[in-house]
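Each chain, written out:
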Amino acid sequence: MAESKANTTHAADKLPAVGFTEQLEPEALLGAATDTLKINDLGSWTQPAPGLYPHQWLWDSCFVAIGLRHIDIKRAQQELRSLLRGQWSNGMLPHIIFSDQGLHYAGRDAWHSERHKAAAKKVKTTAITQPPVLAEAVVRIGEILDTAARRRWYKEMYPALVAFHEWLYKERDPHNEGLVVLMHPWESGLDDTPPWMVALRKNRPWWGKAVSGAKISPWLENRFKVRGNVPLNERISIVDLLTVLHNWRELRRCGYDLQRVLHHSKVPLLVDVAFNAILVRANTHLQRIAEELGEMLPVDLQFSMQRSKGALRTLQDADGMFFPRDFRTRELLTEPSIETFLPLYSGVISQESADKLAAELQNPKTYWLKHPVASVPRTSKYFAANRYWQGPMWVNMNWFIIDGLRQYGHHKVADELLENTLRTVSAAGMYEYFSPIDGKGHGGAPFSWTAALVVDMLQGLAIQKVSRHAGE
Ligand code: 2M8
């Protein structure tokens, strides 16, 4: 207990000052967000949070670039360029590029990526990926460049994007369904979200229960440094963590090859909702980039992209909610989570589906708590207000949902969510995640994607005010 108290103070000490009031003070908030991005800037890329996440993560850097473009467009471009250092020759963009400094339990030497012939040569990386937000970040930067600079920018990023999207379909869509399959919860980015935990627990190693004994756990927790400075009850439990690590070991044994994993391991393989919804939207962006460059996307890729649009609907149940699917059994994993709302962002579901999602989103008993959106509904047995991906509000999820709501004309809810998110961060500071009940910040701090997306949302707020004013 004493440890978590001390650690909370330590994290808060590092936070750039904000108003820390319930009032939204845009200038103070912008200042704190900008300071955070500076503190976490390691030259050509940005660490998610000091201590806890000392390396470069794939989707974190994309979010960082989306915010940074408003502050320093060249540095934002650099953030994305630095991601390409890690790209494998088969097109895969790894979920982490390791720095030489700092420890993380997904340790840099344990992946044995270098044994893979396609692995990046100059940097150490993991051998799995993360949600494909890159095309979104490239286009958001493109939006504020003049035409000539945008074309140059698109031309530079286009080959890497095409290679990444081609890899996703070639490697991870073996049945040509238009949906890609994930081999590990870290690929989803929503690490210990209930559907993944349910699936993983089915593949818990025989020794899994034994290590839940109280005596061995503190040693293990220390060994893996999984929680950094964050209170223990806010992170994944040690038993679940060991199961995650066990599944990672299985992947390593199979050389991270989907076919081998399918035939030689029981590792859960999930067709994830959020990942695929993000991919569908990324495809739309990639298409737009290709058109602007006058390029033809590879034909196979075009077919896959087209298939994806309709395929997303196969993850929907009779009530209109979306769930990940077990790749082997084809059954939906009906444990509810925030993933259900990501198809709004994809932009390819029907208006009727979108309206159903918007209604569920605003349910005050489930997701729309005082500080929405809860990452797991309050009615779920997994709900824990402060445990990461099992209840807290995350700024990146809100950012996707706001965008999606606007695509389907739900501007009032989108406006409300935007203001509520900014007010929550303004009161709490630049934390990794926030209790949806009392708005307090938790996890790593100061946290980069919170800061970057706050910068982007503040722009959105300004635009919203201007257009409201014009409409009056
Ligand atoms: C969390 O994931 C890492 C492993 O990749 C961890 O739990 O240590 C997730 O929230 C993930 O989405 C995020 O990219 C990463 C860094 O912020 O942290």
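Up top is the structure.
Note that the structure is a prediction, hence the values are computed from the model and not measured. (Residues numbered from 1 in each chain as written. Predicted model: local features only at pLDDT ≥ 70, side-chain atom pairs only at ≥ 80, totals over all residues. Heavy atoms only, no water.)

### Looking at the overall build of the protein
Tallying secondary structure elements over the protein gives 18 helices and 6 strands in all. Out of the 472 residues belonging to the protein, those deemed buried represent 61%. When contacts within the protein are restricted to residue pairs at least 6 apart in sequence, those whose partners lie at least 24 apart make up 70%. Of the roughly 18900 Å² of accessible surface on the protein, a fraction of 52% belongs to carbon and sulfur atoms. (Helix = DSSP H or I, 4+ residues; strand = E, 2+ residues; numbered from the N terminus. Buried < 20%, exposed > 50% of the residue type's maximum accessible area, 1.4 Å probe, protein only. Contact = heavy atoms within 4.5 Å. Areas by Shrake-Rupley, 256 points an atom, 1.4 Å probe, with all protein chains shown as cover.)

### Looking at the site of the ligand
The full set close to the ligand counts 17 residues, and Asp60, His104, Gly189, Asp191 and Tyr388 are the nearest of them. Residue Asp60 places a side-chain N or O atom 2.6 Å away from an oxygen atom belonging to the ligand. In this structure, Tyr388 approaches the ligand through a side-chain N or O atom, which is 2.8 Å from an oxygen atom. With the chains in place, 100% of the 410 Å² that the ligand exposes on its own is no longer accessible. (Near = heavy atom within 4 Å. Polar contact = N/O pair within 3.5 Å; in protein donor to acceptor, adjacent residues only side chain to side chain.)

### A short note on the nonpolar core
Grouped together as the largest cluster of nonpolar side chains are 153 residues, with contacts concentrated most on Trp59, Leu80 and Phe400. Non-local contacts of Trp59, meaning those with residues more than four positions away in its chain, are made with Gln130, Pro131, Val133, Ser188, Gly189, Leu190, Ile278, Trp389, Asn396, Met397, Phe400 and Trp449. Grouped together as the second largest cluster of nonpolar side chains are 5 residues, Ala374, Val376, Phe383 and Ala385 included. (Core = buried A, V, L, I, M, F, W, Y, C linked by side-chain atoms within 4.5 Å.)

### Observations regarding the packing of helix H3 (residues 58-68) against helix H4 (residues 73-84)
The N-to-C vectors of H3 and H4 enclose an angle of 165°; their axes lie 8 Å apart at closest approach. Taken together, the axes of H3 and H4 lie roughly antiparallel to each other. Here H3 and H4 pass one another in a crossing that is left-handed. Here Leu58, Ser61, Cys62, Val64, Ala65 and Leu68 of H3 lie close against H4, whose contacting residues are Ile73, Arg75, Ala76, Glu79, Leu80 and Leu83. Its residues placed into classes, the contact of H3 with H4 shows 9 nonpolar, 1 polar and 2 charged. (Axes fitted to C-alpha atoms, helices over the stretch in contact; angles between N-to-C directions. Parallel < 35°, antiparallel > 145°, perpendicular 65-115°, else oblique. Left-handed = near helix turned anticlockwise from the far one by under 90°. Nonpolar A, V, L, I, M, F, W, Y, C, P; charged D, E, K, R; others polar.)

### With respect to the pattern of salt bridges
Per the stated rule, a full pass over the model turns up 19 salt bridges. Residues Glu136 and Arg140 are paired through a salt bridge, measuring 2.8 Å at the closest nitrogen-oxygen approach. On the criterion of helical spacing, the pair formed by Glu136 and Arg140 is a turn pair, its members being 4 residues apart in helix H5 (residues 134-143). Judged by its relative accessible area of 1%, Glu136 falls in the buried class. Arg140 gets classed as buried once you look at its relative accessible area, which sits at 12%. Here Asp403 makes a salt bridge to Arg140, at a shortest N to O gap of 2.9 Å. Of this pair, Asp403 sits in helix H16 (residues 395-407) while Arg140 sits in helix H5, and the two are 263 residues apart along the sequence. When sorted by exposure, Asp403 lands in the same class as Arg140, which is buried. (Salt bridge = Lys/Arg side-chain N within 4 Å of Asp/Glu carboxyl O.)

These results come straight from atomic positions and should not be treated as a statement about function.
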